[in-house]
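Spelled out from the first residue to the last, the chains are:
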Amino acid sequence: GCLLLWLLPSVLKAQAGGEGRPRPLPCQQSPTRVSCKGAGLHKLPKELGPGVKHLELSNNFIRTLSETSRPWSGQLEYLDICFNQLEAVSEAALAQLPRLRALLLGSNHLDRNYVANGRAFRLLRSIEVLDLSANNLESHMAGWYVSNLTTLRRLDLSGNRMTRLPGGLFGSAPALRELDLSHNYIMHIEEGAFGALRHLRALDLALNSLRCISGFTLTPLRVLNLSYNALELFAVPQEGERRYQLQVLDLSHNRLLRFPELPGARRLTHLNLSSNAIASLAPPARRPADLALQRAEAARRRSATVNPAANLSRVADLDLSNNQLHQLPLAFFRRLTSLRSLDVSMNCLQDVTRESLTGDNSLGPQELVLLPVRSLDLHGNFIHSLPRWFFDFLPHLESIDLGSNSLQPCEGRETGKGETAGGAAPGGTCTAFYNILGLKHLSLRKNNIARLYPYTFNQTPLVSLDLSENTALFMPKEALEGLEFSLQKLSLRGNQMHDGQAEFPCLDSLKALDLSSNNLSLLPTGLLCSPLESLDLRSNSLVALEEPAVVSWARSLRLLWVAGNPLSCCALGWLDA
């Protein structure tokens, strides 16, 4: 009691005088770098060495950059004042930063006093990187801030309130190489807005309100992000005297109805068209008024008219997911001779056809169109079967995702000569997954597969196989025959399989097995000879694990999940192993 009374005056004094408040975090210093992030500062620090070149002041309460002299300011090259309350920048303050190359001012209030602030910015004669993001800037304010920054190379204006890009907006920043205008409200780009930017390499216009871009003239641009707009039309015209350098184009999450015409984008390597409303890969029908022009320029425009992808021979990655395609004409992609990854998931595909939808009948009835695709994603469609020639078109295919379709595998019967003959699944058309020599990764998740037949994947060297979420799947021992020396990862998750519905051959290479969310009270037979490293048995009906099985995995097993089982506390001998 006496000790408490003795301490009480000190406690009351601390509460009254503020001594109990948490002190600001100290700055972390080195000879050339200082970080005062979240240090509770209201103004620039004074007590820094003269050799400081890199200063971080983000997440503080700084309102102004005043003209107070600092002994370190003459050498400063990098200054970060993001996430403060900055609203005023004096000319005298910036005059003391002659070597400043990077100035980060994102998430402040620079819409206030923008006229005086912009006038002060003209003293940034060496600036190369400028961040003005999230400052509530309108178009004219942003233009005023960058009106005389001739050395600027990287500019971030994202997260502001810009609604239009007037002509000549960046005319005083001709050295720009990277420009971020994402997350604004831009609806209109006037002619000449980017006219002076002859060195621009990357432009981000994502998350705006653009509806049409038809006069694309940024020939030096290499990366263009137009995702999350309202684009219904985008076109890169034929190349003129200057060749387009565009390599990465993101048009995802727009309103495109057709595959865009890109005759000038011959250097394109990555094209993202996901989450649009593309219903066909055929070229748009020409109006009668266009016929005279079409005939006059027939030789020059023939390839683009017949196939919108005709000039995209360098595209390696094409994303068409989340559209409204009903057919997948493989001949459409025959001009994409560098294509490695193709994503057509989450569409309305029902059929895969050999024919082109463009009227190009140059292919003979037996002629193969060999595509170089290595990874193909078709999950989330309505495909009932794939013809045998489908995999002949894709001789380099290594990975295919066919999840969430309605495919039924065929039976592959082993013959006396070691070859495999096909057999149909009873009751309908099936898809043959045997003898696909290069295929390593296959997903048949959620296809309503009721049964696997013997030798289903024989002579297909699968490394991973996903058969999850096929309710009540029956998998006899012979179903996985032929995968003994290749299969390393297998998922049978969520199949609601009971004892006896899954049997395994001796899979000598199997390392990861997922049997979770089934109704198993016993481990399937045939697993003892597999060198399992990861085994998921969650949410089953297991009372115990057979000790012989656990002993056989004692040296290999690293991860074991058994949660959600009615394990008996009287039968835990397997834990000793």
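Here the residue index of a chain counts from 1 through its sequence in written order. Thresholds applied to this predicted model are a pLDDT of at least 70 for local features of residues and 80 or more for the giving and counting of side-chain atom pairs; totals over whole chains, interfaces and linings are not thresholded and use all residues. To obtain the side-chain values, all non-hydrogen atoms of the structure were included, while hydrogens and water were left out.

Caption draft 1: Geometry of the overall build of the protein chain. By the criteria applied, helices consist of DSSP H or I runs no shorter than four residues and strands consist of E runs no shorter than two, each listed in order from the N terminus. From N to C terminus, the protein chain includes eight helices and 32 strands. Exposure classes here rest on a 1.4 Å probe applied to the protein chains alone. A residue is buried below 20% of its type maximum, exposed above 50%, and partly exposed in between. Relative to its full complement of 577 residues, the protein chain shows a buried share of 46%. We call two residues in contact whenever any of their non-hydrogen atoms come within 4.5 Å of each other. A fraction of 53% describes how many contacts in the protein chain between residues 6 or more apart in sequence connect residues 24 or more apart. Note on areas: these come from Shrake-Rupley sampling with a 1.4 Å probe, and a residue is covered only by the protein chains present in the view. Taken as a whole, the protein chain presents about 27,400 Å² of accessible surface, with 52% of it coming from carbon and sulfur.

Caption draft 2: How the structure looks around the nonpolar core. Remark: nonpolar core denotes a set of buried residues (Ala, Val, Leu, Ile, Met, Phe, Trp, Tyr, Cys) joined through side-chain atoms within 4.5 Å. Judged by nonpolar contacts, the single largest core of 148 residues is most densely connected at Phe170, Leu181, Leu318, Phe333 and Phe457. If you list the elements that add at least two residues to this core, you get helix H2 (91-95), helix H3 (114-121), helix H4 (139-145), helix H7 (389-392) and helix H8 (547-552). With three residues, H4 is the single largest residue contributor to this core.

Caption draft 3: Structural view of the packing of aromatic side chains. By convention, a stacked pair of Phe, Tyr or Trp rings (six-membered ring in the case of Trp) has centres within 6.5 Å and planes under 30 degrees apart, an edge-to-face pair has planes over 60 apart, and any other such pair is tilted. Scanning all chains against the criterion turns up eight aromatic pairs. Arranged with centres 5.0 Å apart and planes meeting at 50 degrees, the rings of Trp389 and Phe393 form a pair that is tilted. A relative accessible area of 23% places Trp389 in the partly exposed class. With a relative accessible area of 1%, Phe393 lands in the buried category.

Caption draft 4: Looking closely at the state of the cysteines. By definition, disulfides here are pairs of cysteine sulfur atoms that lie within 2.5 Å. Under the definition given, this model contains three disulfides. Here Cys27 pairs with Cys36 through a disulfide, and the sulfurs are 2.0 Å apart. Taking the sign of the S-S torsion, 115 degrees for the link of Cys27 and Cys36, the bridge is right-handed. According to the relative accessible area criterion, Cys27 is partly exposed, its value standing at 27%. Since its relative accessible area comes to 0%, Cys36 is described here as buried. Between the sulfur of Cys410 and that of Cys430 lies a disulfide, 1.9 Å long from S to S. Sign of the S-S torsion, about 95 degrees for the bond between Cys410 and Cys430, identifies this disulfide as right-handed. Here Cys410 is found in the loop between strand E24 (399-401) and strand E25 (411-414), whereas its partner Cys430 is found in the loop between strand E26 (420-423) and strand E27 (441-443), with 20 residues between them in sequence.

Caption draft 5: Up close: the pattern of salt bridges. Salt bridges, as used here, are contacts in which a Lys or Arg side-chain nitrogen is within 4 Å of a carboxyl oxygen on Asp or Glu. Applying the stated criterion across every chain yields a total of 13 salt bridges. The shortest N-O distance in the salt bridge between Glu128 and Arg101 comes to 2.9 Å. You can see Glu128 sitting in the loop between H3 and strand E8 (129-131) and its partner Arg101 sitting in the loop between H2 and strand E7 (102-104), a full 27 residues away along the chain. Between Arg164 and Glu190 there is a salt bridge, with its nearest N and O atoms 2.3 Å apart. Taken together, the positions of Arg164 in strand E10 (residues 164-165) and Glu190 in the loop between strand E12 (188-189) and strand E13 (202-204) put the pair 26 residues apart, joining distant regions of the chain. On the basis of relative accessibility, which here comes to 35%, the residue Arg164 falls in the partly exposed class. Here Glu190 falls in the partly exposed class, since its relative accessible area comes to 26%.

Caption draft 6: Region of the structure containing the confidence of the model for the protein chain. For the protein chain, per-residue confidence averages 87 on the pLDDT scale, and 85% of positions sit at 70 or higher. In this model residues 356-362 is a low-confidence stretch, pLDDT under 50, and it forms 16 contacts with partners more than four residues away in sequence or in other chains. The predictor attaches a confidence to each residue, called pLDDT, with possible values from 0 through 100. Below a pLDDT of 50 lies the segment residues 424-428, which in the model reaches five contacts outside its immediate sequence neighbourhood of four places, other chains included.

Caption draft 7: Inspection of H3 at higher detail. Among the residues making up H3, those that are buried are Asn117, Gly118, Ala120 and Phe121. Viewed end-on, H3 has its buried residues packed into an arc of 155 degrees, placing them on one side of the element. Lining the buried residues of H3 we find strand E6 (88-89), H2, E7, E8 and H4. Directions pointing from the helix axis toward each C-beta atom define the arc.

Caption draft 8: Summary view of unusual backbone geometry. Even without glycine at this site, His183 takes up a positive phi of about 60 degrees. Of note, His183 is situated in the loop between strand E11 (178-180) and E12. Of note, the phi angle at Lys446 is positive, near 55 degrees, even though the residue is not glycine. Relative to the elements of secondary structure, Lys446 occurs in the loop between E27 and strand E28 (464-466). Classification of Lys446 by relative accessible area gives partly exposed; the value is 44%.

Caption draft 9: View of the side chain of Asp156. One can find Asp156 in strand E9 (residues 154-156). Within 3.5 Å is the distance limit for a polar contact, defined as a pair of N or O atoms, with the added protein rule that one can donate a hydrogen and the other accept it, and that residues adjacent in sequence qualify only through two side-chain atoms. A polar contact of 2.7 Å, which involves the side chain of Asp156, links it to the side chain of Ser158.

Caption draft 10: Fine view of the environment of Ala175. Along the chain, Ala175 turns up in the loop between E10 and E11. As for Ala175 and Arg198, which are separated by 23 residues in sequence, their C-alpha atoms are 7.7 Å apart. When neighbours within four sequence positions are excluded, Ala175 is seen to be in contact with Thr150, Thr151, Leu152 and Arg153.

Caption draft 11: Main features of the environment of Pro409. For Pro409, the position within the fold is in the loop between E24 and E25. For Pro409 and Cys430, which are 21 residues apart along the polypeptide, the C-alpha to C-alpha distance reads 5.3 Å.

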